[in-house]
Amino acid sequence: MKRELLDNGNIWQKSDGRWIGLVRYKDEFGVTQRKSFSSKKKKTLQAKMTEYVKNFNEQVANSDESRKPLKESMKNWLRVYKFPEVERTTYDRYECTAEHQIYPYIGNKPVGDVTPADIKKLLTKHMNAGYAFTTSKKAYSLLKMFFKQLYQEGAIPNNPMSLIDMTKKDNYLAAQNKESKPQCDMVVVFTDEELEQIKAEAFKRFANGKPVYQQSAAYFLMLNTGLRAGELCGIINSDIDLENRVIHLQRGVKEVHVRDGLEYVPKLEVKVGKLKSKTSKRDVPLNDTAVEMIRRLRKEVYLGEDAPLIPDENGNFTNPRNMRNRFYRILDAIGIPHKGLHTFRHTFATRLINGVKQPDGSVKSLSVKQVAELLGHTTSEITELYYVKRDTTRLVGLTDSFNL
């Protein structure tokens with residue numbers, strides 16, 4: 001509840017000549033309280049009471065969250081509730097979404113005056129401006145969390161998000177004259193030909209025998225394990241058990257914004273910490289190629305069991321961004337459009353589920369659940385929806401004996 005002034009005060013004079021004043025108000029718990037004043041002079045007493053009432057009203061106004069601009073209110077909400085609750089990379093994304101997709105549209109409006117129509121207009125402007133569906137959906141989700149918190153705390157009388165649904169993806173893309181494709185068709189993987197080209201370029205050497213590209217074996221370690229770039233960069237040599245052919249994943253490496261307290265600083269830093277989720281901490285089996293790639297990496301540079309498998313020039317954990325940039329140099333050299341390092345993870349999942357042809361002509365494959373466990377996904381649905389490229393060639397000839 002909000003503090004509320006019940007009257008501007010009553011004044012009376014006592015028998016000894018002193019003047020007494022009383023102001024009544026309700027505190028934040030709704031309990032009636034009193035504030036008393038006294039003075040030998042009535043004028044002095046009135047001045048004291050007037051000043052108190054003025055300060056009281058200012059404090060009530062400042063504590064009225066509904067009258068604050070949305071930008072101010074959301075920034076405070078992010079710092080108080082989200083900064084200690086989520087991963088640094090997640091917080092950076094929240095802050096970026098608010099700064100670019102929310103504040104320019106409704107940031108100056110009092111948070112209590114925001115209507116469902118304002119939210120709908122914001123989403124429509126995103127769509128018309130050509131924002132990706134996922135970008136607009138992140139703004140929608142952030143607004144939903146924010147207004148839900150304010151409403152539950154009683155800071156606003158109504159939740160404008162309760163009446164707004166996110167535009168369906170098909171409709172959103174249609175309004176942008178874009179084709180809506182099944183998620184499995186949007187998964188990006190490397191073809192056999194591309195992998196051969198990448199391998200040939202990645203392991204090139206100068207005339208003196210030195211490798212053209214540093215630590216290029218790392219990319220094929222990713223291809224054969226499904227490791228995320230941050231997971232790969234977080235491996236230290238003692239995490240690897242070559243005898244039992246397994247990596248014990250313990251930590252990950254991320255690039256986050258530098259902060260002065262909670263304030264954003266336009267600079268990035270490498271943060272070594274926990275993995276993406278509980279299921280990300282896992283044992284990753286190593287096949288023959290993965291073992292070979294680890295040996296290649298150690299032959300190139302080995303700084304001890306407590307050092308990273310892929311150290312930077314100072315022996316510290318490598319920034320995943322540097323790994324990505326080096327990979328782009330390889331793609332540029334062979335003329336392949338840029339594909340992210342996550343493509344190796346997608347290719348790993350797709351090959352295992354769609355099947356890999358064996359020397360005897362048979363096809364060996366794994367279940368979606370098995371691959372989900374290998375990737376460290378919380379559910380197999382994530383693996384099936386977002387990581388597997390559909391192979392329609394397997395349908396060829398299936399209906400040959402079904403002549404209806």
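All values derive from a computational prediction rather than experimental measurement. Counting starts from 1 at the beginning of each chain's written sequence and moves along it residue by residue. Given that this is a predicted model, residues contribute local features only at a pLDDT of at least 70 and side-chain atom pairs are listed and counted only at 80 or more, while totals for whole chains, interfaces and linings are drawn from all residues. Think of the side-chain values as coming from all heavy atoms in the structure, minus any hydrogens and water.

Caption draft 1: Molecular detail of the side chain of Thr343. Under the DSSP-based scheme used, a helix requires at least four consecutive residues in state H or I and a strand at least two consecutive residues in state E, with every element numbered from the N terminus. For Thr343, the location among the structural elements is in helix H13 (residues 342–354). Between buried and exposed lies partly exposed: a residue is buried under 20% and exposed over 50% of the maximum accessible area for its type, with that area taken using a 1.4 Å probe on protein chains only. Judged by relative accessible area, which is 5%, Thr343 ranks as buried. In protein, a polar contact requires one atom able to donate a hydrogen and another able to accept it; more generally it is a pair of N or O atoms within 3.5 Å, and residues adjacent in sequence count only if both atoms are side-chain atoms. At 2.8 Å, the side chain of Thr343 forms a polar contact with the backbone oxygen of Gly340.

Caption draft 2: Quick look at the nonpolar core. By nonpolar core is meant a set of buried Ala, Val, Leu, Ile, Met, Phe, Trp, Tyr and Cys residues that side-chain atoms within 4.5 Å join together. Formed by 39 residues in total, the largest nonpolar core has its most connected members in Leu232, Ile247, Phe327 and Phe344. Elements with a contribution of two residues or more to this core: helix H8 (192–202), helix H9 (217–223), helix H10 (229–233), helix H11 (288–300) and helix H12 (320–334). Apart from residues lying up to four places away in sequence, Phe327 is in contact with Phe190, Ile198, Tyr219, Lys339, Leu341 and Phe344. Counting 30 residues, the second-largest nonpolar core is a separate cluster that includes Ala98, Leu143, Ile164 and Met166. We call two residues contacting when some pair of their heavy atoms lies within 4.5 Å.

Caption draft 3: Structural detail: the pattern of salt bridges. What counts as a salt bridge is simple: a side-chain nitrogen of Lys or Arg found within 4 Å of a carboxyl oxygen of Asp or Glu. Inspection of every chain in the model, using the stated rule, returns 17 salt bridges. One salt bridge connects Arg88 with Glu269, and the closest N-O pair in it is separated by 3.6 Å. Pair noted here: Arg88 is in helix H3 (residues 88–106) and Glu269 is in strand E8 (residues 263–273), with a separation of 181 residues, a long-range link. Judged by relative accessible area, which is 34%, Glu269 ranks as partly exposed. Because the salt bridges share partners, they merge into one network encompassing Glu87, Lys254 and Lys274.

Caption draft 4: Up close: the packing of helix H2 (residues 70–82) against helix H5 (residues 133–152). To get an axis, a line is fitted to the C-alpha atoms, and for a helix only the part in contact is used. The angle between two axes follows their N-to-C directions and goes from 0 to 180 degrees. Axis separation between H2 and H5 bottoms out at 11 Å; the angle between their running directions is 85°. Between H2 and H5, the angle is such that the two are roughly perpendicular. Contacts from Leu70, Ser73, Met74, Trp77, Leu78, Tyr81 and Lys82 in H2 reach Leu142, Leu143, Met145, Phe146, Phe147, Gln149 and Leu150 in H5. Class assignment of the residues belonging to the contact of H2 with H5 gives a composition of 11 nonpolar, two polar and one charged. Any angle that falls under 35 degrees is termed roughly parallel, while one over 145 is termed roughly antiparallel, one within 65 to 115 roughly perpendicular, and all others oblique. In this classification, Asp, Glu, Lys and Arg are treated as charged, Ala, Val, Leu, Ile, Met, Phe, Trp, Tyr, Cys and Pro as nonpolar, and every other residue, Gly included, as polar.

Caption draft 5: The arrangement of H12 in detail. By this rule the span expected of a helix is its residue count minus one, scaled by 1.5 Å. A rise of 1.5 Å per residue sets the reference length of H12, with its 15 residues, at 21 Å; its end C-alpha atoms lie 22 Å apart and thus fit the reference within 8%. Buried within H12 we find Pro320, Met323, Arg326, Phe327, Tyr328, Ile330 and Leu331. For H12, the elements touching its buried residues are H8, H9, H10, strand E7 (252–260) and H13. If you check the start of H12, you find a side-chain oxygen 2.8 Å away from the backbone N of Arg321, and it comes from Asn319. In the segment just after H12, Gly335 is the residue with positive phi, at about 75°.

Caption draft 6: View of the packing of aromatic side chains. Pairing of aromatic side chains here covers Phe, Tyr and the six-membered ring of Trp, requires ring centres within 6.5 Å, and sorts the geometry by plane angle: under 30 degrees stacked, over 60 edge-to-face, intermediate tilted. Taken as a whole, this structure holds 12 aromatic pairs when the rule is applied. Residues Phe203 and Phe220 carry aromatic rings whose centres are separated by 5.5 Å and whose planes lie at 35° to one another, so their mutual orientation is tilted. On the criterion of sequence distance, the pair formed by Phe203 in the loop between H8 and H9 and Phe220 in helix H9 is long-range, its members being 17 residues apart. Owing to a relative accessible area of 22%, Phe203 belongs among the partly exposed residues under this scheme. By relative accessible area, which is 5% here, Phe220 ends up buried. Ring geometry for Tyr219 versus Phe327: centroids 5.1 Å apart, planes at 45°, classification tilted. With Tyr219 in helix H9 and Phe327 in helix H12, this residue pair connects regions lying 108 residues apart in the sequence. Its relative accessible area of 1% is what places Tyr219 among the buried residues. Under the relative-accessibility criterion, Phe327 is labelled buried at 0%.

Caption draft 7: Main features of the pairing of strand E3 (residues 19–26). Counting buried positions over the eight residues of E3 gives six, a clear majority of the element. The pairing of strand E2 (residues 10–13) with E3 spans four bridges and is classified as antiparallel. Its bridge partner lying in E3, Gln13 is registered against Trp19. Any two strands with at least two DSSP-identified bridges between them are counted as paired. Between E2 and E3, which pair antiparallel and follow one another directly, the connecting turn spans five residues, one of which, Gly17, has a positive phi of 95°. Strand direction decides the pairing type here: E3 and strand E4 (residues 32–39), joined by eight bridges, are antiparallel.

Caption draft 8: A look at unusual backbone geometry. Positive phi is not limited to glycine here, since Asn177 has a value of about 60°. The residue Asn177 is located in the loop between helix H6 (169–175) and helix H7 (183–186) in this model. Located in the positive-phi region is Gln215, a residue other than glycine, with phi close to 50°. By the secondary structure assignment, Gln215 is in the loop between H8 and H9.

Caption draft 9: Just the layout of surface pockets, in detail. Here a cavity denotes grid points, spaced 1 Å and computed from the protein atoms alone, that fit a 1.4 Å probe unable to get out, and a pocket denotes an open set having protein on both sides within 12 Å along at least 5 of 7 lines; residues with an atom within 4 Å of a point are the lining. Grid points are joined across faces, edges and corners, and a volume is the space filled by probe spheres set on the points. If you add up the space inside the largest pocket, you get close to 1500 Å³. As for the largest pocket, its lining consists of 38 residues, of which Arg93, Arg228, Lys276, His342 and Tyr387 are closest to the centre. Those elements that provide at least two residues to the lining of the largest pocket are H3, H5, H7, H10, E7, H12 and helix H15 (380–386). Its residues assigned to classes, the lining of the largest pocket comprises 12 nonpolar, 13 polar and 13 charged.

Caption draft 10: Structural detail: H5. If you check H5, its first and last C-alpha atoms are 28 Å apart, about what 20 residues at 1.5 Å a residue would give, namely 28 Å. Here H5 has its buried residues at Phe133, Ser136, Ala139, Tyr140, Leu142, Leu143, Phe146, Phe147 and Leu150.

Caption draft 11: Examining the packing of H13 against helix H14 (residues 368–375) more closely. Contact geometry of H13 with H14 gives a least axis separation of 9 Å together with a crossing angle of 155°. By the criterion of interaxial angle, the relationship of H13 to H14 is roughly antiparallel. Here the hand of the crossing between H13 and H14 comes out right-handed. Note on element contacts: H14 touches H13 through Val368, Val371, Leu374 and Leu375, opposite Arg345, Phe348, Ala349, Leu352 and Ile353. Among the residues forming the contact of H13 with H14, the class breakdown is eight nonpolar, no polar and one charged. Two helices crossing with the near one rotated counterclockwise from the far one by less than a right angle form a left-handed crossing, whereas a clockwise rotation gives a right-handed crossing.

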